[in-house]
Amino acid sequence: MDAIEALQQAAAQRPDDGMAIFQLAAALHETGRYEEAIAAYRCVIALHPDSAATHANLGIALLLFGAPHEARDALSRANELKRSILSQTNLAMCLQEMGQFGEAEAIFTQVRAETVDSARHRIPGPRRVTALCPFGRSGSLFMHSLVDGHPQVTTLPGVYFQ
């Protein structure tokens, strides 16, 4: 029995255990079985509608599955439930995938402004987002910036803002 089969068995034995189903969904997601992962994430959301992590993972799975409009809804809900740099970045990635580049750039600009502690130390850097690239097998992102030889890179999938 492989790990996914064991998780499927555990979830079947405990259908009201959101954590067991979430673990199954995450395993399915990581192995590229997005359609099954999406169904499992939706089961968890039915049990725990205020789980920001589940909405975020559902959104990423939907995006990787090719359903960006549904992904946007799930990622927006995750951001409403628990606003963070990661939730905003994932939402911006989705908007970029949908061709909404201005909205994606606005989110990245806002995230960058919020992360700079201007009271103590202003980090010199770009005035705009210049590169957007994916990072990680599950589609999660990290942020950097790339302007004038600055060593950091601001990222989202494959589009360059001018």
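Residues numbered from 1 in each chain as written. Predicted model: local features only at pLDDT ≥ 70, side-chain atom pairs only at ≥ 80, totals over all residues. Heavy atoms only, no water.

1. What to know about the nonpolar core
Okay, step 1: Among the nonpolar cores identified, the biggest contains 33 residues, and Tyr 41, Leu 58, Leu 62, Cys 94 and Ile 107 are the most heavily contacted of them.
Okay, step 2: Elements with a minimum of two residues in this core: helix H1 (3-13), helix H2 (18-30), helix H3 (34-47), helix H4 (52-65), helix H5 (68-81), helix H6 (85-97) and helix H7 (101-115).
Okay, step 3: With near-sequence residues (within four places) excluded, Tyr 41 lies in contact with Phe 22, Ala 25, Ala 26, His 29, Thr 54, Asn 57, Leu 58 and Ala 61. (Core = buried A, V, L, I, M, F, W, Y, C linked by side-chain atoms within 4.5 Å. Buried < 20%, exposed > 50% of the residue type's maximum accessible area, 1.4 Å probe, protein only. Helix = DSSP H or I, 4+ residues; strand = E, 2+ residues; numbered from the N terminus. Contact = heavy atoms within 4.5 Å.)

2. As for the pattern of salt bridges
Okay, step 1: Applying the stated criterion across every chain, the model contains 6 salt bridges.
Okay, step 2: Arg 77 is paired through a salt bridge with Asp 50; the nearest N and O atoms lie 3.2 Å apart. Taken together, the residues span a long stretch of sequence, with Arg 77 in helix H5 and Asp 50 in the loop between H3 and H4 at a distance of 27 residues.
Okay, step 3: We classify Arg 77 as partly exposed; its relative accessible area is 28%.
Okay, step 4: Looking at Asp 50, the relative accessible area reads 56%, which means it is exposed.
Okay, step 5: By sharing partners, the salt bridges in this structure join Asp 50, Arg 77 and Glu 80 into a single network. (Salt bridge = Lys/Arg side-chain N within 4 Å of Asp/Glu carboxyl O.)

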